[in-house]
Amino acid sequence: MLKDLFLKETENAVNLAIKNNTLGQMTEYTKGSLSVEKPKNINFGDFAINVSSLAKSAKIAPPQIANAICDNLDKDKYGVNIVGGFINFKVNKEILCNIVDEIFKKGENYGKPENVKTEKINLEYVSANPTGPFHIGHGRWAAMGSALANVLKFYGHDVYQEFYINDAGSQIQKLGNSLLIRLKQEKGENIDFPEDEIERKNYYPGEYLIPVAKKFLLEHEYTEDIKILSDFAKKEMERLQRELLENFRVHFDKFYSELDLHTSGKVETSYKKLQESGKLYEKEGAIWFKSSEYGDDEDRVIKKADGSNTYLTADIAYHKDKMDRGFDRLINIWGADHHGYVARVKASLEALGYDSTKLEILLGQLVNLVINGEQTRMGKRKNMITLDDLIEEVGVDATRFWMCMRDINNTLDFDIELAKKSTDENPVFYVQYAHARACSILRNAINDRIDAHSGETVKAPLSQDEFDNLVKNFDKSILDDEVENAKKLILKLEEFKSTIINSAENRTVYSICRYVQELAADFHSFYNATRVITDNKQSTLARLSLVYAVKSVIALGLNILGVSAPEKM
RNA sequence: GCGUCCGUAGCUCAGCUGGAUAGAGCAUCUGCCUUCUAAGCAGAGGGUCGCGCGUUCGAAUCGCGCCGGGCGUACCA
């Protein structure tokens, strides 16, 4: 990366200065005390390093430090100038040409970091109950999770995506009970869900089970056997969920069934292991886990007084199983409403002898739907908007982009009206438009076209062969006279590399959304200032190569986000 | 009460491990289509970085305490 280049050069210069005794009382440079940033004022340079942080150990004023360091730098090569405690660098033509060259040479691998430590990662997200349709919040985890998986893979990690199905426990019973009511209604019986709020909690009164009831009656004899009914409803819900996920471009390597965890005996095994660890005890008829010994606020029940397991019991077995499968790291995306579970799951892993720091839990804040400028709470109301509804309304691209756009720590306002708009108010379209615009220019380069205003046929400046040759045998020397004019744009293309690294290392998908918006902005700006296809063939070729590079990098970014990069709009 | 996330321009948000006059998009105002997509561009105005104290040469950024909001606080999942 460009930043690293300047950092390394400066660090070498610092070490030399120390050796020459020109850095005051400084006797040793500790790596990491200098960092590269962007100058506030573009006239200073393209990159800057602030040396004020060395003032403490050197015991001399920052400008003096900067001067001493600069004595050991190739000032001409790097366009070095000093302002106060800042050493500013200017990139030269050669560097700029190399950036574009790298994009051509590496193609789809441009931006893939080298020499980074990669891990075998299990990424678990969505993990909804198979008891109903996804809500908007699931959409956020689905979009962010799959985009995170993409960026982690691009970084070089080995990522295994997993969806934990909560298909055991009392909610499945509830599902069966609810289907029975719908069945009876289908048969004309005058029956409904209880009005009483507490009793109503034993049912899923949403209308989504009506079509399930119809389907059941088409395929099966009427029955009141709750086991059969809940099984049927569960399978149907799972089928619909998976269909939606595929449609939403979310692909899991495994759907892990909680039920399997029970039938395979894994829940029992992990329970016994916990017991052996001596961290279980009985109180008031229930079995408790001493999670408070590992930083949890209080101990947790693991087996209820009636002998049944709690949700946690299976979850412990699940996480133990993930550990046993040999992953270097487990990443979970959970809704913020589950944050209370973090401490207890980590506690259980510690008690079972695992390193709980391998488990990273990303807590996502919830989504507010904004309709006509008004926030609506997502609740289990009758007229609740499901993820299906949302995607149908605004489309997969816009939904995915909006869901990824904000830091996971922030609540997300999803403005339906805005996301639907095909105008500059909508960042998704802004970025896609930049891509389409670039594609359009590339098309015009090799196709004769009819001028919209004069109506005359304009001959294509390049043949297909010439264009193919430009891409396949890219020669960076054609850029020599063009790169200064496109400096901002080219430096932005270079930033893709650090964006990927930051995004993957900090698990921040939104930084890719931001990057792609910034790149689009710089491209639109370039487009307006610089005519690409002109009578000058040399400059046309050079500028086309820039357009091609931009198109490629926007596509790379959008691809990671799971958003399409249209060639025409 | 306790835990946790958040509080930066009218609105939605960036601001990386503290550093040069606090940034972007939308909205508002002013310009730009005889030329490759104006779904675009150029420019302008707009901020006590919730409040206070502390650490520091230096704080939107770190610590503590308030204030305001979201979420959680089950032998539910």
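Up top is the structure these notes are about.
Summary of the structure given here. Since the model is a prediction, treat every value here as computed from it, not as a measurement.

This brings us to helix α15 (residues 387–394). Restricting attention to buried positions, one finds in α15 the residues L387, L390, I391 and V394. An end-on view of α15 places all buried positions within 95 degrees of arc, on one side of the element. Summarising the contacts, the buried residues of α15 are in contact with α6 (136–155), α10 (226–247), β13 (367–371), α16 (396–404), β15 (412–415) and α17 (416–420). Positioned one or two residues after α15, G395 has a phi angle of 90 degrees, which is positive.

On to the sheet that holds strand β4 (residues 86–89). Sheet architecture is open: four strands sit in the order β1-β2-β4-β3, paired in antiparallel fashion. The sheet terminates laterally at β1 (36–37) and β3 (81–83), the two strands that pair on one side only. With three bridges connecting them, β3 and β4 associate as antiparallel partners. Each bridged residue has a counterpart across the sheet, and for I82 the counterpart in β4 is I87. Sheet strands touched by helix α1 (residues 2–19): β1, β2 (47–50) and β4. Its angle to β2, the strand with the most contacts, is close to 40 degrees.

By size, the foremost hydrophobic cluster in this structure holds 133 residues, and its most contacted members are I69 and F414. At 13 residues, helix α22 (residues 537–561) tops the list of elements feeding residues into this core. Taken domain by domain, this core gets at least three of its residues from each of domain 1 (2–90) and domain 4 (427–561). Filtering out sequence-adjacent residues up to four positions away, F414 remains in contact with V367, N368, L369, V370, L390, V394, T399, W402, M403 and A419. Of all hydrophobic cores here, the second largest spans 20 residues; its members include F289, V342, V345 and Y354.

Bringing the packing of aromatic side chains into the picture now. Overall, the coordinates contain 21 aromatic pairs when judged by the stated rule. Seen from their ring centres, F6 and F47 are 5.4 Å apart, and the 35 degrees between their planes marks the pair as tilted. Taken together, the positions of F6 in helix α1 and F47 in strand β2 put the pair 41 residues apart, joining distant regions of the chain. Given a relative accessible area of 0%, F6 falls into the buried group. The class of F47 is buried, set by a relative accessible area of 5%. With centroids separated by 4.1 Å and ring planes inclined at 10 degrees, the aromatic side chains of Y164 and Y318 adopt a geometry described as stacked. Separated by 154 residues along the polypeptide, Y164 in strand β6 (residues 158–165) and Y318 in helix α13 (residues 311–324) bring together distant segments of the chain. We note that Y164, like Y318, is buried. Ring pairing ties together the aromatic residues F6, F47, Y78 and F89, which thus form one cluster. When the ring centre of F255 is taken as reference, the NZ or CZ atom of R242 above it lies at 3.9 Å. Sitting over the ring of Y527, R437 keeps its end group 3.8 Å from the ring centre.

Running from N to C, α6 and α22 point in directions that differ by 130 degrees, and their axes come no closer than 7 Å. Viewed along their axes, α6 and α22 adopt a mutual orientation that is oblique. In this structure, α6 uses A147, N150, V151 and F154 to contact α22, whose residues at the interface are L556, N559, I560 and L561.

What follows concerns the pattern of salt bridges. Taken as a whole and judged by the stated rule, the model has 33 salt bridges. Between K487 and D46 there is a salt bridge, and its shortest N-O distance comes to 3.0 Å. Placement of the pair is K487 in helix α20 (residues 487–506) and D46 in the loop between β1 and β2, with a sequence separation of 441 residues. We classify K487 as buried; its relative accessible area is 15%. Residue D46 is classed as buried on the basis of its relative accessible area of 7%. Of the charged contacts, one joins E119 and K117 as a salt bridge, the two residues approaching to 3.7 Å between their closest N and O atoms. We classify E119 as buried; its relative accessible area is 13%.

Calculation criteria
Residues numbered from 1 in each chain as written. Chains lettered and ligands numbered in written order. Predicted model: local features only at pLDDT ≥ 70, side-chain atom pairs only at ≥ 80, totals over all residues. Heavy atoms only, no water. Buried < 20%, exposed > 50% of the residue type's maximum accessible area, 1.4 Å probe, protein only. Helix = DSSP H or I, 4+ residues; strand = E, 2+ residues; numbered from the N terminus. Arc of directions from axis to C-beta. Contact = heavy atoms within 4.5 Å. Pairing = 2+ DSSP bridges. Axes fitted to C-alpha atoms, helices over the stretch in contact; angles between N-to-C directions. Core = buried A, V, L, I, M, F, W, Y, C linked by side-chain atoms within 4.5 Å. Domains from an automatic or database assignment. Phe/Tyr/Trp six-rings, centres within 6.5 Å; stacked < 30°, edge-to-face > 60°. Lys NZ or Arg CZ within 6 Å of the ring centre and 35° of its normal. Parallel < 35°, antiparallel > 145°, perpendicular 65-115°, else oblique. Salt bridge = Lys/Arg side-chain N within 4 Å of Asp/Glu carboxyl O.

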